[in-house]
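# Residue-level structure breakdown
Listed below are the residues making up each chain.
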Amino acid sequence: MTTKNPLLQYAHRRYGMDHDRYEWSMLKDRPAIEWPAGKKVALWVNVSLQFFPLAQTDKTFPVPGGMRMPYPDLRHFSLRDYGNRVGIYRILKVLDAHGIKPTIAMNADLATRCPALRQRIVDRGDEIIAHGLNMDALHHSGIDPTLESERIKTTVDTLRDLTGQAIEGWLSPGKSQSFDTPDLLAEHGIGYQCDWVNDALPYAFRTRNGPLVAMPLSTELEDTHILMNNLHSEDSYVEQVEDACRFLLTEAETQGGRMLALSIHPWLMGQPHRIGKLDALLGRLTDHEGVWSATASEIIAASGVRV
Amino acid sequence: MKADPQFYDYWAYENRPRIQWPNGAKVALWVAPNFEYYEFDPPKNPFRTPWKRTPNPDIAGYSIRDYGNRVGAERQMAILDRFGIRASVSLSAALCDHHPEIIEMCKARDYELFSHGVYNTRYNYALSEQEERTMLRDSIEAILEKGGQACSGYLAPALSHSEHTLDLFAEVSTEFFGPDAPLYSCDLFHDDQPTPLRTRSGRRLVSIPYSLELNDTIAYVVNKVTPRRYGQMLRDAFDVLYAEGAESGTVMCIPTHNYQVTCPHRAAAFTEALEYITGHEDVWLATGREIAAHFLDHHYDEAQAAIAAGLGGT
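Residues numbered from 1 in each chain as written. Chains lettered and ligands numbered in written order. Predicted model: local features only at pLDDT ≥ 70, side-chain atom pairs only at ≥ 80, totals over all residues.

## Overview of the overall build of chain B
Cut-off, in case you're wondering: Working definition: helices are DSSP H or I runs of at least four residues, strands are E runs of at least two. Numbering for both runs from the N terminus. Counting other C-beta atoms within 10 Å of its own, a residue is labelled buried from 20 upward, exposed at 12 or fewer, and partly exposed in the gap between, with every C-beta atom placed from the backbone.
A count of helices and strands for chain B gives 10 helices and nine strands. With the principal axes as the frame, chain B shows a C-alpha extent of 55 × 45 × 35 Å. The buried share of chain B, reckoned over its 314 residues, is 55%.

## Focus on the nonpolar core
Selection rule: Nonpolar cores are identified as sets of buried Ala, Val, Leu, Ile, Met, Phe, Trp, Tyr and Cys residues joined via C-beta atoms within 7 Å. Residues are defined as contacting one another if the C-beta atoms placed from their backbone atoms lie within 7 Å.
Residues Val 41 of chain A together with Ala 28 of chain B are the most contacted members of the largest nonpolar core, which totals 176 residues. Residues contacting Ala 28 of chain B, with those up to four places away along its chain left out, are Trp 21, Gly 249, Val 251, Trp 284, Ala 286 and Ile 291 of chain B.

## What to know about the packing of helix H7 (residues 227-244) of chain B against helix H8 (residues 267-278) of chain B
Residues and elements named next belong to chain B. Cut-off, in case you're wondering: Helix axes use the C-alpha atoms of the stretch in contact, all axes being lines fitted to C-alpha atoms, and the angles between their N-to-C directions lie in the range 0 to 180 degrees. When describing relative orientation, an angle under 35 degrees is termed roughly parallel and one over 145 degrees roughly antiparallel, while 65 to 115 degrees is termed roughly perpendicular and anything else oblique. Should the near helix be turned anticlockwise from the far one by less than a right angle, the crossing is termed left-handed; should it be turned clockwise, right-handed. Any residue that is not Ala, Val, Leu, Ile, Met, Phe, Trp, Tyr, Cys, Pro, Asp, Glu, Lys or Arg is counted as polar, Gly included; the first ten are nonpolar and the last four charged.
Their axes nearest at 8 Å, the elements H7 and H8 cross at an angle of 15°. Taken together, H7 and H8 sit at an angle that is classed as roughly parallel. Of the two possible hands of crossing, H7 and H8 adopt the one that is right-handed. Contacts between H7 and H8 involve Pro 227, Arg 228, Tyr 230, Gly 231, Leu 234, Arg 235 and Phe 238 from the first element and Ala 269, Phe 270, Glu 272, Ala 273, Tyr 276 and Ile 277 from the second. Class assignment for the residues of the contact of H7 with H8 results in nine nonpolar, one polar and three charged.

## Section: the environment of Pro 157 of chain B
Residue and element names in this part refer to chain B. Relative to the helices and strands, Pro 157 resides in the loop between strand E4 (153-154) and helix H5 (165-177). Using a count of 24 C-beta atoms within 10 Å as the deciding quantity, one classes Pro 157 as buried. Sequence-distant contacts of Pro 157, defined by excluding residues within four places in its chain, comprise His 116, Gly 117, Tyr 119, Asn 120, Arg 122, Tyr 123 and Asn 124.

## Some thoughts on the interface of chain B and chain A
Each side of the interface is counted separately: chain B has 39 residues, and chain A has 47 residues. Elements with a contribution of two residues or more to the side of chain B that touches chain A: helix H1 (59-82), helix H2 (95-98), helix H4 (129-145), H7 and H8 of chain B. With nine residues, the top contributor of residues to the side of chain B that touches chain A is H1 of chain B. Per-class residue counts for the side of chain B that touches chain A are 18 nonpolar, nine polar and 12 charged.

## Brief notes about H5 of chain B
All names here are of chain B. What counts is decided by this rule: What a helix should span is 1.5 Å times the count of its residues minus one.
In this model, H5 (13 residues) spans 18 Å end to end at C-alpha, consistent with the 18 Å of a helix rising 1.5 Å per residue. By the burial criterion, the buried members of H5 are Thr 165, Leu 166, Asp 167, Leu 168, Phe 169, Ala 170, Val 172 and Ser 173. Summarising the contacts, the buried residues of H5 are in contact with H4, E4, strand E5 (184-185), strand E6 (195-197) and strand E7 (205-207). Where H5 terminates, the next one or two residues include Gly 178, which has phi positive at roughly 85°.

## Overview of unusual backbone geometry
The residue after Tyr 71 of chain A, namely Pro 72 of chain A, is reached through a cis peptide bond having omega -5°. Among the structural elements, Pro 72 of chain A can be located in the loop between strand E1 (41-49) and helix H1 (74-97). Omega for the bond connecting Asn 56 of chain B with Pro 57 of chain B falls within 30 degrees of zero, at -5°, which places this linkage in the cis form. For Pro 57 of chain B, the position within the fold is in the loop between strand E1 (27-35) and H1. Here the phi dihedral of Ala 126 of chain B falls at roughly 65°; this positive angle occurs in a residue that is not glycine. Relative to the elements of secondary structure, Ala 126 of chain B occurs in the loop between strand E3 (112-115) and H4.

## Here we look at the confidence of the model for chain B
Which entries qualify depends on this criterion: Predictor confidence is given residue by residue as pLDDT, running from a minimum of 0 to a maximum of 100.
On average, residues of chain B carry a pLDDT of 97, and 100% of them reach 70 or more. Confidence metrics for the complex model read pTM 0.97 and ipTM 0.97.

## Here we look at the pairing of E1 of chain A
Residue and element names in this part refer to chain A. For clarity, the cut-off: Note on pairing: two strands pair once DSSP finds at least 2 bridges between them. Assignment of crossover handedness uses the view with strands pointing away from the viewer, where a clockwise path from the first strand over the helix to the second indicates a right-handed crossover.
The buried count for E1 comes to nine of nine residues, which makes it a mostly enclosed element. Of the two faces of E1, the one lined by Val 41, Leu 43, Val 45, Val 47 and Leu 49 and the one lined by Ala 42, Trp 44, Asn 46 and Ser 48 are each fully buried. In terms of strand pairing, E1 meets strand E8 (residues 258-264) through seven bridges, oriented parallel. In the strand pairing of E8, Trp 44 is matched with Ala 261. Summarising the sheet, E1 and strand E2 (residues 103-106) pair through four bridges and their orientation is parallel. Within E2, the position partnered with Val 47 by the bridge is Ile 104. Remark: the E1/H1/E2 crossover connection has right-handed handedness.

## Notes on H1 of chain B
Residue and element names in this part refer to chain B. As a reminder of what qualifies: The seven residues ending at a residue and the seven starting there each receive a fitted axis; the angle between those axes is the bend at that residue.
Here H1 spans 33 Å end to end across 24 residues, near enough to the 34 Å set by a 1.5 Å rise per residue. Along H1, the sharpest kink reaches roughly 55°, centred on Gly 72. One or two residues past the end of H1 sits Gly 84, with phi positive at roughly 65°.

## Comments concerning the packing of H4 of chain B against H5 of chain B
Residues and elements named next belong to chain B. Between H4 and H5, whose axes approach to 10 Å, the crossing angle comes to 50°. Judged by the inter-axis angle, H4 sits oblique to H5. Between H4 and H5 lies a crossing of right-handed hand. Residues Glu 129, Glu 132, Arg 133, Leu 136, Arg 137 and Ile 140 of H4 form the contact with H5, whose own contacting residues are Thr 165, Leu 168, Phe 169, Val 172, Ser 173 and Phe 176.

Structure representation (structure tokens):
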């Protein structure tokens, strides 16, 4: 019954994972996490500030929000720019109204191109995480490792230089990685990455250059996924997030602290017909006594996972 | 290649011999969660690429499926526990090696385990008959040795088939469990009642309905329905099958995945639908094997005779 066909060879069939990035562990088997002040659900809101180059070159996969019309795709270029000119200021107002401290995932090119917006974020004291160079500088195994390393170095150097922040977090543009990305992130001083969505809580992640924390930023509840990919209504988006929050609050009653991670794009959620829905949603979420609004770093610190 | 696989003859959904489920139930309900392992860096199959979004590794695809095992499996079981539902698990055999804890949780709940190949990133394409047998033997052995039970059913991995997939399942299973053990396939979506399938060996094999339309991945990923709409689809389907089941027993299958239906934003819709369905009196909460065995013992011959007496057709 032996076969030489590589389609029936299983080199990594063994206990645990089929790679060595992290340990296999079921959520239910871990010690219960206790959030500060007895809170049940940590609400993490990430807002991404992005620059989509008009001349998009990497077509390996469609980046959510990327250019897709024949060049020059002015409709999408300017609509994405809307988020950085208009949408973000509406979103900041709404976040402030509900006492939510976001993390801001920022393309390095955006920080360079929009000093006013960058400075506004810096002055607010929001935690900035690296979001790659721009939405056309992707990370996947089809690009040269030297180029990928340069992209990461330029990104974190630029953001550290322009914001004065330590820049510990990373979110890849389009949430894709190569086999080397985690190693390169650790090499360039990143402490946590948000691309892997395989857990409900932060967990320890291995690289050749020391440990990282994986901080899962849910794609399923991302505004682009629900509204743009699934074409669900704003009301359904609100309902799904509220259902998730209620589910997590209930689970936390018996199993320890949980996390609700929302990823928001100003060019989408900052539109006038959507901002009211977001406002009402965040109001209801923060009205729950058990909900704790916190940044990624605060959640990681409280979770006990070491960066 | 053939125009028709010739697995079954045409059989109109009217005037069929009456199917009677145990205790006068109108619907046999089975929940079939897929407990799968998708590989981080699977080999490329010439006919189908496991990860299509990016070159390997596809972090998005891989990690949400890993979420299903780390987080979703326990949530799925907790929801089914509430309603006294024993799952019929469509199992990637390699999960027994990677995550034996999940297999132990299934055994503790008396779940049925049936074959869903070795990995859901390995297909029945580009394999010789002998190689396809090898994959089947591998999965059946794992369920026997690690799961402690005879495998009765097969859902081909990632619904990948050759012309002989069903024949080979019947033949390999017979080598393991003899000519009389109940065997079923859930690879065909042609009916809402069990139907006899033709095999080249003549081995009895029954097709058990497994709804592709109600499969959570098809609903959520392909058809992009909202969670509430999915819950309503389950209720609507149930209402019709329950009403029709008063005349002759029907089968309702809810095929699920641990990284879809029990995610926090979808769990409520699923739970409420199960609450509605199991709130009806004449529902037989069954497993795939139990449905197949009951049909084979009580209705298979009658069905064959009725099909033979019909006008035929395919």
